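Each chain is listed here by its residues.
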Amino acid sequence: MRRFRLQFRQLQLSIAIFALALAVAGTASCTSAEKSAKVLVFGIDGGTWDVMVPMIEAGELPNIAKLYNSGLRGVLVSRPPVISPVVWSTIFTGRPLEEHGVDGWATSQSTHRKVKAVWDILTDLEMTSKVANVPSTWPAEEIVGEMLSGFPLSGSTLGGNTGVVVTLDSIGDRQNPPAIRMNVDTLRAVCEKLDENAWSEWTSLKLTNQPNLGATVRVKRLDGGKFYITPVYRTDDGLVISYPPELRAGVQEKIGGPYIPEGPGWSKHAEEDTPKYLYEHLLQVARLQTAGVMEILDQPWDLFIYVDTFVDRVSHPYWAYSSPGDYDGLDAAKAKLYESAVADSYRETDLHLGEVLAGIDGEHYTVIVSDHGFKSSLNKSMYIGTHHFDGVYLVSGPGLKGEDGPRANIEDVAPTLLYLLGKPVGEDMAGRVIAPLAGVLGRAVDTVETYETGGKAGNEFPVDEQTWEQLRGLGYVDGPAPKGAKQK
Ligand SMILES: [Zn+2]
């Protein structure tokens, strides 16, 4: 009897231990499940720690600083050619340009991509992606989720991507885009009402030759009787830059203004008046883009990507003013006037990030990446900033703490995103999960042989002439459109 009781006790104990073991196992698997979560990717095109770290240390950029102090961060090394569509395609496919096929300006659109981007992989897995303003995503791709395409885009402006500086008498001049010449009276009336340095509201233009197209501009009064007219942006539904196609119209209705996928270029940076209006108008565009992005944030998603291009578009034309010592013969008074433009673009981008973060419910990882950094031009008489190989990465979220990570490569981002999402990494991807993450999160990296099922052919034709025009306006290309380009 006594012996039986003992055995019974042992049995009870065994059951208790077994139950405890089950409970522990349950907790463990639950914890590791919690460590995969939805992922926000906030891209800062052209973002560099060279500007951000001193600002963070000075108590600025509160939203980036908060993530910086609680996440793994380091340099994301880019690769030549450091061209945004090429590099972003590598970032979101985990593959080198030889494999993804977006290998230069002539092949810089979504139709040129030969492998799956993370949003394609998630689509196969029936997970939802929201993708906004990622370079090389036009034409918009059919995914589970929504997409607002990024540059280069064909036909998003009518007659050039830089805008024009005019006087009241030269609005109708031959060198101005036809869309402006057809609206001389309207534009003159807008100009006459403006005080110096003031901007007009968005003004619709009527196109007598193509009445089905919608077009809009803003005008700024400069000094000396001059006016800046922005690029003529298309607003009609015929311009498809989203998936689903009607998404853009819905976004425009909600934000009460045009959603502009690409603002004015910086190719006229050397012109005397450009710095007076370019920052301000880039800011107007960047705010419309962020407002648009906020409109697609409020539904369920697994992966949300917004590439904010404001820092890049400002750094090209204004970098010299914040580093005047690196250049020869730069007008000191002018440098003084615009010395804070680059830092201001980071302050503004930090606000955009704050807005996006405030719009997200629940636990998630935030991944900040840039495709390249910036540095002063080696040509000291060219007053522009140029791309630097060192971009940034920062991963913040559950289980992570503020620490410096190793230098990572642009190919490492896609595997890292899949890992954070709790999905296996493609063994045929060139990149690897950024090294310390798996150790810190205590979850092994799963792999799958490949996600490339079905195969994408990838278009071999170069971009069309209108796209080339946009790239020329942006200052990225020169010369005629590549052979084989077709007018759309
Ligand atoms: Zn750039």
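Further up the page is the structure itself.
Residues numbered from 1 in each chain as written. Predicted model: local features only at pLDDT ≥ 70, side-chain atom pairs only at ≥ 80, totals over all residues. Heavy atoms only, no water.

Helices and strands together make up the secondary structure of the protein, namely 16 helices and 20 strands. Relative to its length of 488 residues, the protein is compact, with a C-alpha radius of gyration of 26 Å against a globular reference of 23 Å. Burial analysis of the protein (488 residues in total) assigns 55% to the buried set. When contacts within the protein are restricted to residue pairs at least 6 apart in sequence, long-range pairs at least 24 apart make up 68% of them. Surface summary for the protein: the accessible area is close to 20600 Å², and the carbon and sulfur share equals 53%. For the protein, the distance from the average position of its 45 positive side-chain charges to the average position of its 62 negative side-chain charges is 5 Å. (Helix = DSSP H or I, 4+ residues; strand = E, 2+ residues; numbered from the N terminus. Rg over C-alpha atoms; globule rule 2.2 N^0.38 Å. Buried < 20%, exposed > 50% of the residue type's maximum accessible area, 1.4 Å probe, protein only. Contact = heavy atoms within 4.5 Å. Areas by Shrake-Rupley, 256 points an atom, 1.4 Å probe, with all protein chains shown as cover. Lys, Arg positive; Asp, Glu negative; His and termini not counted. Charge placed at Lys NZ, Arg CZ, Asp CG, Glu CD.)

This part is about the sheet that holds strand β10 (residues 233-234). In sheet architecture, strand pairing relies on hydrogen bonds along the backbone and comes in two forms, parallel and antiparallel. Reading across from one edge, β6-β7-β10 is the order of the three strands in this open sheet, with antiparallel pairing throughout. Each having just a single partner strand, β6 (203-205) and β10 make up the two edges of the open sheet. (Pairing = 2+ DSSP bridges.)

Moving on: the sheet that holds strand β9 (residues 227-229). Strand order in the open sheet formed by three strands is β5-β9-β8, with antiparallel pairing between adjacent strands. The sheet terminates laterally at β5 (164-166) and β8 (219-221), the two strands that pair on one side only. The average undirected angle you get between the axes of adjacent strands in this sheet is 25°. Sheet topology places β5 next to β9; three bridges connect them, and they run antiparallel. Counted as the bridge partner of Val164 is Ile229 from β9. Packed onto the sheet, helix α8 (residues 184-193) meets β8 and β9 and runs at close to 40° relative to β8. Across the face of the sheet, helix α10 (residues 274-295) comes into contact with β5, β8 and β9 while running at roughly 140° to β8. (Axes fitted to C-alpha atoms, helices over the stretch in contact; angles between N-to-C directions.)

Under the defined criterion, the tally for this structure stands at four cavities of 30 Å³ or more. By volume, the largest cavity amounts to about 70 Å³. In terms of lining, the largest cavity is formed by Pro261, Glu262, Gly263, Leu282, Val285, Ala286, Gln289, Thr309, Phe310 and Arg313. For the lining of the largest cavity, the elements supplying multiple residues, two or more each, are α10 and α11 (310-322). The greatest single-element share of the lining of the largest cavity, amounting to four residues, is contributed by α10. (1 Å grid on protein atoms, 1.4 Å probe; cavity = no way out; pocket = protein on both sides within 12 Å on 5 of 7 lines; lining within 4 Å. Points joined across faces, edges and corners; volume = space filled by probe spheres on them.)

Turning next to the coordination of the zinc ion. Taken together, Asp312 (OD), Asp312 (OD), His316 (NE2) and His387 (NE2) make up the full set of protein donors to the zinc ion, lying 2.2 to 2.6 Å away. For the zinc ion, the four donor atoms in the first shell make angles of 53 to 157° at the metal, so the coordination geometry reads as irregular. Ordering the donors of the zinc ion by residue number gives the pattern D-x3-H-x70-H. Of the two residues, Asp312 and His316 both sit in helix α11, four residues apart, roughly one turn of that helix. (Donors = N, O, S within 2.8 Å, 3.2 Å for Na, K, Ca; no water. Tetrahedral: all angles 85-135°; square planar, octahedral: opposite > 155°, others 65-115°.)

Turning to the packing of α11 against helix α13 (residues 341-358), a few remarks are in order. If you want to describe how two helices pack, look at the angle between their axes and the distance between the axes. One way to put it is that α11 packs onto α13 with a least axis distance of 7 Å and a crossing angle of 155°. In terms of axis orientation, α11 runs roughly antiparallel to α13. Taken together, the residues of α13 that come into contact with α11 (itself represented by Phe310, Val311, Val314, Ser315, Tyr318, Trp319 and Ser322) are Ala341, Val342, Ser345, Tyr346, Glu348 and Thr349. Counted by class, the contact of α11 with α13 contains eight nonpolar, four polar and one charged residues. (Parallel < 35°, antiparallel > 145°, perpendicular 65-115°, else oblique. Nonpolar A, V, L, I, M, F, W, Y, C, P; charged D, E, K, R; others polar.)

To continue, consider the side chain of Asp412. Along the polypeptide, Asp412 turns up in the loop between β18 (408-409) and α14 (413-420). No salt bridge is formed by the buried Asp412; its nearest oppositely charged neighbour, Arg432, is found at 6.9 Å. With near-sequence residues (within four places) excluded, Asp412 lies in contact with Gly431, Arg432 and Ile434. (Salt bridge = Lys/Arg side-chain N within 4 Å of Asp/Glu carboxyl O.)

Quick look at the layout of surface pockets now. Using a probe with the size of a water molecule, rolled over the atoms, empty space left in the structure can be pinpointed. Of the pockets and cavities examined, the largest pocket occupies roughly 510 Å³. Considering the residues around the largest pocket, the lining is formed by 26 residues, among which Gly155, Thr157, Leu158, Arg234 and Gln466 are closest to the centre. Broken down by element, the lining of the largest pocket gets its largest block of residues, three residues, from helix α16 (residues 465-474). Residues of the lining of the largest pocket, tallied by class, amount to 11 nonpolar, 12 polar and three charged. Split by domain, the lining of the largest pocket shows at least three residues from each of two domains, domain 1 (37-153 + 261-474) and domain 2 (156-239). (Domains from an automatic or database assignment.)

These figures come from the coordinates and say nothing about function on their own.
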